[in-house]
Amino acid sequence: MDETSFKLLAKYLPSTYVQQAKDARNTTNFLFNQLLEKGKWPEEGWSERNIEILLDELASLDSNNFLKNHGVGEREARIASSLVAKRNFHLGHGLGRSGDLTEVQPKAAGSSVLYQLTNDLARDVLRTLGVPDVKACFVAPLATGMSLTLIFLCLRQQQPKARYIIWSRIDQKSCFKSITTAGFEPIIVEPILNGDELVTDTGKIEAIMKQMNPELIACVMTTTSCFAPRACDDVETVAVFCKIYRVAHVINNAYGVQSTKCMHVIQQASKKGRVDAFVQSTDKNFMVPVGGTIIAGFDKSFVNKISQCYPGRASSSPIVDLFITLLSLGSKEYKTLARERKHLFQLLKEGLAMIASRFGLRVLDTPGNSISIGISLPPVKDPKLLTQLGSQLFLRCVSGTRVVSNLEIKVINGHEFRSWGAHHSNYPTGYLTAAATIGMTAVDVEQFLKRLTKVMESWSTKTIPMVLPSLTNGHDGFTHLLTSDHLVDQESSVI
């Protein structure tokens, strides 16, 4: 409703009621205008109603929603199913144009505004959560692996002679395949075993850069967030080397936004050396469906070049999901969840230490990893025994654990990896990992620990002698780890 509409309402309502309605609408419009003017992540989350109103307003700017529009092109955002239309808020044109992901679409003014707003919000999110010097970013409708590939393809255009990417090994197939899919040959640098922890072999990375012609190296790829016992890479030292030897540096920060440590090392790396781009997953960090990343960097022109490498238009679904979620949470609620994650990480670690002690095992000492925790497993000749442990947990509705045997050999695109899953060819023990990620609850931690104990009681009889547990009044020792705010009904622990 515009000013004329409110004047006409006076025919049907007392003037005081009209003014009240007008004031309410002005309050909502002020919220929208603040977002459009500043492009900042709001501190307080918005109501679902206000988010829906804004999305409806933006959708009304797309040609497929014009009352008198008659499209005669090959792509007119016609949607056959009303359910699909509602699911997508009647936004059917997608993002970008055929040659540029961030270019404005004439037929989709609302969708174009939505995308630019989401990119502005994402940049403010990264600045708010620990990387204040980030200059530009865009939300890519791709998961992490393909986003890395997009960056590597952009680097290929800048360095046509490049053949290699130096890769600090992390045993996630998407990371490795992102290199080979882009047509590069990986130079694999295994981490160094330091006690239980796997740390970056910065000496070997520098030696390779010294030895090789920098024109032949597309970049160095490092990783922040990862599964224990691997630590966050020493991205600061690598960044210094990349600056010295004029080599690009790409950081896989897949689920590092929720970790103040991961964000801090990226910020410091940008100050001390060279960081060309860093990538973070939207689903892992912001609790949205899989399918998006934030590609960011400290050179606006390079980030723009990456977005221009995307061929054709793209789906707006991951962007709409992130836009809604960021407005819904607000920075205040997200920071609360991030602090809660840190607290639950400690509870999880303490609980795993109790289980390890009970069964003659131990928690792996990995101070460089602030998200994932590993617990050692006994040596076995048959890796199927370890597989059974993971299967039994999954059957008891425990998801997300990783069981690594250190016995598996995997070949990926012609490259053989010994002890696949362990990030190292000769890691000395098998292990199980669990992670404390954003959105986890105290109940998740408590139930996982109880169910893991039940599974270990059965599974350990096949592998290791059991140490008698320390019991208090016949109950397990996990509930006391939780504060009074987190206590749950003990009946819910029945498996």
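Keep in mind it's a predicted model, so treat the numbers as computed, not measured.

Focus: the overall build of the protein
Argument step 1. When you go through the protein residue by residue, the secondary structure sums to 15 helices and 14 strands.
Argument step 2. Relative to its length of 495 residues, the protein is compact, with a C-alpha radius of gyration of 26 Å against a globular reference of 23 Å.
Argument step 3. Referenced to the eigenvectors of the C-alpha coordinate spread, the extents of the protein come out at roughly 85 × 65 × 40 Å.
Argument step 4. Out of the 495 residues in the protein, the part that is buried amounts to 53%.
Argument step 5. Taking contacts inside the protein between residues at least 6 apart in sequence as the whole, the part at least 24 apart equals 73%.
Argument step 6. As presented, the protein carries roughly 23000 Å² of accessible surface, and 53% of it is formed by carbon and sulfur atoms.
Argument step 7. Where the 54 positive side-chain charges of the protein centre and where its 47 negative ones centre are 4 Å apart.

A few points about the nonpolar core
Argument step 1. Among the nonpolar cores identified, the biggest contains 87 residues, and Leu126, Phe138, Phe152, Phe278, Ile306 and Phe323 are the most heavily contacted of them.
Argument step 2. In terms of residue count, helix 13 (residues 317-358) provides more of this core than any other element does, nine residues in total.
Argument step 3. Grouped together as the second largest cluster of nonpolar side chains are 30 residues, Leu347, Val380, Leu386 and Ala434 included.

Concerning the pattern of salt bridges
Argument step 1. With the rule as written, the count across this model stands at 17 salt bridges.
Argument step 2. Of the charged contacts in the structure, one is a salt bridge between glutamate 190 and arginine 169, with a shortest N-O distance of 2.6 Å. Of this pair, glutamate 190 sits in the loop between strand 3 (185-189) and strand 4 (192-194) while arginine 169 sits in the loop between strand 2 (164-168) and helix 7 (173-181), and the two are 21 residues apart along the sequence.
Argument step 3. The exposure class assigned to glutamate 190 is partly exposed, which follows from its relative accessible area of 22%.

A few points about the sheet that holds strand 11 (residues 402-404)
Argument step 1. Pairing in this open sheet of three strands is antiparallel, and the strands run 10-14-11 from one edge to the other. Unpaired on one side and paired on the other, strand 10 (372-377) and strand 11 mark the two borders of the sheet. Put simply, the sheet's adjacent strands are angled 20 degrees from each other on average, direction ignored.
Argument step 2. In terms of strand pairing, strand 10 meets strand 14 (residues 430-435) through six bridges, oriented antiparallel.

A look at the packing of helix 9 (residues 235-244) against helix 10 (residues 260-272)
Argument step 1. Where helix 9 meets helix 10, the axes come as close as 8 Å, and the angle between the chain directions of the two elements is 25 degrees. The pairing of helix 9 with helix 10 is recorded here as roughly parallel in orientation. Crossing of helix 9 against helix 10: the hand is right-handed. Between helix 9 and helix 10, the residues in contact are Val235, Glu236, Ala239, Val240 and Lys243 and Val265, Ile266, Gln268, Ala269 and Lys272, respectively.
Argument step 2. Of the residues that constitute the contact of helix 9 with helix 10, the class distribution is six nonpolar, one polar and three charged.

As for the confidence of the model for the protein
Argument step 1. Considering every residue of the protein, the mean pLDDT works out to 90; 93% of them sit at 70 or more.
Argument step 2. A low-confidence stretch, residues 483-495 (pLDDT under 50), is modelled with 18 contacts involving residues beyond four sequence positions or located in other chains.

What about the sheet that holds strand 9 (residues 293-297)?
Argument step 1. A sheet is described by the order of its strands in space; here seven strands give the open sequence 1-9-8-7-6-2-3, paired in mixed fashion. Each having just a single partner strand, strand 1 (136-140) and strand 3 make up the two edges of the open sheet. The mean angle between the axes of side-by-side strands here comes to 20 degrees, regardless of whether they run parallel or antiparallel.
Argument step 2. Relative to the sheet, helix 12 (residues 300-308) contacts strand 1, strand 8 (277-281) and strand 9, its axis offset from that of strand 1 by approximately 20 degrees.

Topic: the state of the cysteines
Two cysteines whose sulfur atoms are joined by a covalent bond form what is called a disulfide.
Argument step 1. In this structure the tally under the stated criterion is zero disulfides.
Argument step 2. Here cysteine 175 stays free of any disulfide, with the sulfur of cysteine 226 as its closest cysteine sulfur at 9.8 Å.
Argument step 3. With a relative accessible area of 2%, cysteine 175 lands in the buried category.
Argument step 4. The thiol of cysteine 262 is unpaired, and the distance to the nearest cysteine sulfur, on cysteine 232, comes to 4.8 Å.

Re unusual backbone geometry
Argument step 1. The omega angle of the peptide bond from alanine 228 to proline 229 is 10 degrees, so this bond is cis rather than trans.
Argument step 2. Within the secondary structure, proline 229 sits in the loop between strand 6 (217-223) and helix 9.
Argument step 3. In this structure, alanine 77 is a non-glycine residue whose phi angle is positive, near 55 degrees.
Argument step 4. Tracing the backbone shows alanine 77 in the loop between helix 3 (48-59) and helix 4 (82-87).
Argument step 5. A relative accessible area of 13% places alanine 77 in the buried class.
Argument step 6. The phi angle at methionine 287 is positive, at roughly 60 degrees, despite the residue not being glycine.
Argument step 7. Along the polypeptide, methionine 287 turns up in the loop between helix 11 (282-286) and strand 9.

Thresholds applied
Residues numbered from 1 in each chain as written. Predicted model: local features only at pLDDT ≥ 70, side-chain atom pairs only at ≥ 80, totals over all residues. Heavy atoms only, no water. Helix = DSSP H or I, 4+ residues; strand = E, 2+ residues; numbered from the N terminus. Rg over C-alpha atoms; globule rule 2.2 N^0.38 Å. Buried < 20%, exposed > 50% of the residue type's maximum accessible area, 1.4 Å probe, protein only. Contact = heavy atoms within 4.5 Å. Areas by Shrake-Rupley, 256 points an atom, 1.4 Å probe, with all protein chains shown as cover. Lys, Arg positive; Asp, Glu negative; His and termini not counted. Charge placed at Lys NZ, Arg CZ, Asp CG, Glu CD. Core = buried A, V, L, I, M, F, W, Y, C linked by side-chain atoms within 4.5 Å. Salt bridge = Lys/Arg side-chain N within 4 Å of Asp/Glu carboxyl O. Pairing = 2+ DSSP bridges. Axes fitted to C-alpha atoms, helices over the stretch in contact; angles between N-to-C directions. Parallel < 35°, antiparallel > 145°, perpendicular 65-115°, else oblique. Left-handed = near helix turned anticlockwise from the far one by under 90°. Nonpolar A, V, L, I, M, F, W, Y, C, P; charged D, E, K, R; others polar. pLDDT = per-residue confidence, 0-100. Disulfide = S-S within 2.5 Å.

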